[in-house]
Amino acid sequence: MGVRMPVIDVRTDDLVKLSGIEKDADWFASTIPMVGASFEGMEAGVMRFEFFPNRPDHYSVEGVARTLSFLHGGRRAGRYEVKDGSVSLSVAASIEAVRPVIVCAIARNVDMSNGALESLIELQEKLHLTVGRRRKKVSIGLHNMSAVKPPFAYAAVGADEVRFTPLGMDEYLTPGEIIVRHEKGREYGWIVGHGPYPLLTDATGAVLSMPPIINGTVSVLDENTRNLFIDVTGISRAACQGVLNILCSNLADRGASIESVTITQNGTSTASPDMRFRHMKTTSRKINAVTGLKLHDEENAEYLRRMGYAADTAGGQIVADVPPYRLDILHEVDLAEDIAIAHGFETFGSSKPAYQTNGSLLPFTGFSEMLSELMSGYGYVQCLTFMLASRKSNFEMMRMEPAEAVTLLNPVTEDTEIMRISLLPGLFRLLEANKHNELPQRVFEIGHVQSPERRQFFAALSTHPRATFSESKSLIDAIGRDLKLELTYSEASDPRFIEGRQMRIGAGHEVMGHVGEIHPEIITNFNLFNPIVGLELDLTRIKMLR
């Protein structure tokens, strides 16, 4: 599934007010795409843009206005002031294994009228879907500070340990009941599983939120809210801090004052948010090599200032201070891209390439594409499965003895423990997910495995009530004939296949793979019911022999 670009609704009057640029809608419609967006139309004073996913700070009218005010309004970067606050939050040890990261901030004197509240809620949802990976990586809680009493606490509780009223309902429910009965619980309950469940509470025990599922009704926002308590929880500290900085920057640009929250976790106290600028250094030589321009240090620094950086030159280098809301700036190339945007892509002109080359497919790619075309002609559907897998699916469920595999140091789930050593488990998972569809089902995949070095494999499965060894033997015969491969066959004892109904595929003295009827135990392990025949070949070895 590809990454969908967020679509943002922008009110022209709000954009003019926030940016300070007195232009009509046509000017904005032609200018905003130059910073990384596609104009999708306008209706009743509201412009719609589809923004590139690399700039989450542009997922709201405040972010768009900020960029335009730097680029076309003469604004220069100023530091965001974070006042020392008196509010504290304690993080219990129970949360470490559940959802360990939390960062917070307080925004005071917020004006929620004239569409500001709608913009904030829309930004929250856009960040949930993109940076937050549907709330798994990051989730945001927005609370009416005047309705709750600090200090706050963040802890994990059992399924039936606490009751509170979630948004959208009017009855007290336990976390376990919310997962089953609440719309958001059913939608996002997979993130926290069967518990324990994270809860954010105030000094009276009132539940502000159950991240990443739902807020409580006690701290609901409305247009009269003037003081906000913001919590951002997740599994990535950098992502959580970045999302919080975007929210705080937007609120500050609307006139709010930002206060810190003291968070105590694992015996250490820190102040949140951290809205300091990050230092980066580069040179005009590196920038010009990327952009193709011939700019001096001060010219490049000025273009960075027009993109919201605090930039200066010193000792033959360009010193750029990156704003806290810019999550996308990771490398000097990102600075070069911003300089190109400020310079104007439309001003670059055109030129012929310095070198003339002829493109062609790599030999191995051509061979793989030829095999794919053949398999499609045989009635098989090509699939792509995940490179990361679990030990259980690659060994135990496939009746294979545990063996060496490339292992991830910090896997997010047990399904991403190792680099796969075979394509077959992924195809079995695919058949399992489609067992409700009509038979026969015939699938194949060409992809990399780590066994133990990186190699290109080919695997195919066919399932239906009459699947037999003869079908799989006919398939490998057809592949050998059409690809002009001189294959040999011999007896085999691969535990993945039924004894006496399998063969080893070779070429000369080299073993290329195996073919046969899949063992019934494997079929049962993947919750399948019909006979399955299949094969797996090492394409890296086969290609070397052609």
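Residues numbered from 1 in each chain as written. Predicted model: local features only at pLDDT ≥ 70, side-chain atom pairs only at ≥ 80, totals over all residues. Heavy atoms only, no water.

Draft legend 1. Inspection of empty space enclosed by the protein at higher detail. One pass over the structure, following the stated rule, counts 2 cavities of 30 Å³ or more. By volume, the largest cavity is sized at about 80 Å³. Elements that contribute at least two residues to the lining of the largest cavity include exactly helix 4 (116-129) and helix 7 (237-253). Of the residues forming the lining of the largest cavity, the biggest block, 4 residues, is contributed by helix 4. Of the residues belonging to the lining of the largest cavity, the class tally is 6 nonpolar, 3 polar and 3 charged. Reported here for the second largest cavity is a volume of approximately 30 Å³. (1 Å grid on protein atoms, 1.4 Å probe; cavity = no way out; pocket = protein on both sides within 12 Å on 5 of 7 lines; lining within 4 Å. Points joined across faces, edges and corners; volume = space filled by probe spheres on them. Helix = DSSP H or I, 4+ residues; strand = E, 2+ residues; numbered from the N terminus. Nonpolar A, V, L, I, M, F, W, Y, C, P; charged D, E, K, R; others polar.)

Draft legend 2. The arrangement of the layout of surface pockets in detail. For the second largest pocket, the calculated volume is near 540 Å³. At the level of secondary structure, the elements contributing two or more residues to the lining of the second largest pocket comprise strand 18 (388-389), helix 12 (391-396) and helix 13 (424-433). Ranked by the residues each element gives to the lining of the second largest pocket, the list is headed by helix 13, at 4 residues.

Draft legend 3. View of the pairing of strand 1 (residues 7-11). Taking every second residue as pointing to the same face, the buried face of strand 1 carries Ile-8 and Val-10, while none of Val-7, Asp-9 and Arg-11 on the other face is buried. The pairing of strand 1 with strand 3 (residues 46-51) spans 5 bridges and is antiparallel. Bridge pairing in strand 3 places Ile-8 opposite Phe-49. (Buried < 20%, exposed > 50% of the residue type's maximum accessible area, 1.4 Å probe, protein only. Pairing = 2+ DSSP bridges.)

Draft legend 4. Focus on helix 4. Here helix 4 spans 20 Å end to end across 14 residues, near enough to the 20 Å set by a 1.5 Å rise per residue. Regarding helix 4, the residues found buried are Ala-116, Leu-117, Ser-119, Leu-120, Leu-123, Gln-124, Lys-126, Leu-127 and His-128. Here the buried face of helix 4 lies against strand 1, helix 3 (61-71), strand 6 (138-144), strand 11 (228-234) and helix 7. (Expected span 1.5 Å × (residues − 1). Contact = heavy atoms within 4.5 Å.)

Draft legend 5. Region of interest: the sheet that holds strand 2 (residues 37-43). Read from one edge of the open sheet, 3 strands run 1-3-2, paired in antiparallel fashion. Either end of the sheet is taken by a strand with one partner, and the two such strands are strand 1 and strand 2. Neighbouring strand axes in the sheet, compared pairwise and without regard to direction, differ in orientation by 25° on average. (Axes fitted to C-alpha atoms, helices over the stretch in contact; angles between N-to-C directions.)

Draft legend 6. Geometry of the packing of aromatic side chains. Counting across every chain of the model gives 8 aromatic pairs. Summarising the aromatic geometry, the rings of Trp-27 and Phe-28 are spaced 5.1 Å apart at their centres and angled 80° between planes, so their arrangement reads as edge-to-face. What makes Trp-27 partly exposed here is its relative accessible area of 23%. Here Phe-28 falls in the buried class, since its relative accessible area comes to 0%. With 5.1 Å between their ring centres and 15° between their planes, Phe-428 and Phe-526 make a pair best called stacked. Within this pair, whereas Phe-428 is found in helix 13, its partner Phe-526 is found in the loop between helix 15 (520-525) and strand 25 (532-538), the two being separated by 98 residues in sequence. Three or more aromatic residues link up through ring pairs in this structure, and these residues are Phe-39, Phe-49 and Phe-51. The side chain of Arg-66 reaches across the aromatic face of Tyr-325, ending 4.2 Å from its centre. Positioned above the aromatic ring of Phe-277 is the side chain of Arg-79, whose terminal nitrogen or guanidinium carbon lies 4.3 Å from the ring centre. (Phe/Tyr/Trp six-rings, centres within 6.5 Å; stacked < 30°, edge-to-face > 60°. Lys NZ or Arg CZ within 6 Å of the ring centre and 35° of its normal.)

Draft legend 7. Here's a closer look at the pattern of salt bridges. Summed over the entire model, instances satisfying the criterion amount to 33 salt bridges. A salt bridge links Arg-254 to Glu-62, with the nearest nitrogen and oxygen atoms 2.6 Å apart. One end of the pair, Arg-254, is in the loop between helix 7 and strand 12 (257-265); the other, Glu-62, is in helix 3, and 192 residues separate them in sequence. Take Arg-254: its relative accessible area is 22%, and that puts it in the partly exposed class. Given a relative accessible area of 6%, Glu-62 falls into the buried group. With a shortest N-O distance of 2.9 Å, Arg-108 and Glu-259 are connected by a salt bridge. (Salt bridge = Lys/Arg side-chain N within 4 Å of Asp/Glu carboxyl O.)

Draft legend 8. Region of interest: the packing of helix 8 (residues 284-291) against helix 10 (residues 332-343). Running from N to C, helix 8 and helix 10 point in directions that differ by 65°, and their axes come no closer than 9 Å. When the axes of helix 8 and helix 10 are compared, the crossing they make is right-handed. Counting all contacts with helix 8, which are made through Lys-286, Ile-287, Val-290 and Thr-291, the residues of helix 10 involved are Glu-332, Leu-335, Ala-336, Ile-339 and Ala-340. The class makeup of the residues in the contact of helix 8 with helix 10 is 6 nonpolar, 1 polar and 2 charged. (Left-handed = near helix turned anticlockwise from the far one by under 90°.)

Draft legend 9. Quick peek at the pairing of strand 6. Of all 7 residues in strand 6, 7 are buried; the element is thus mostly enclosed. The two faces of strand 6 match: Val-138, Ile-140, Leu-142 and Asn-144 on one face and Ser-139, Gly-141 and His-143 on the other face are all buried. Sheet topology places strand 6 next to strand 11; 7 bridges connect them, and they run antiparallel. For Leu-142, the partnering residue across the bridge sits in strand 11 and is Ile-230.

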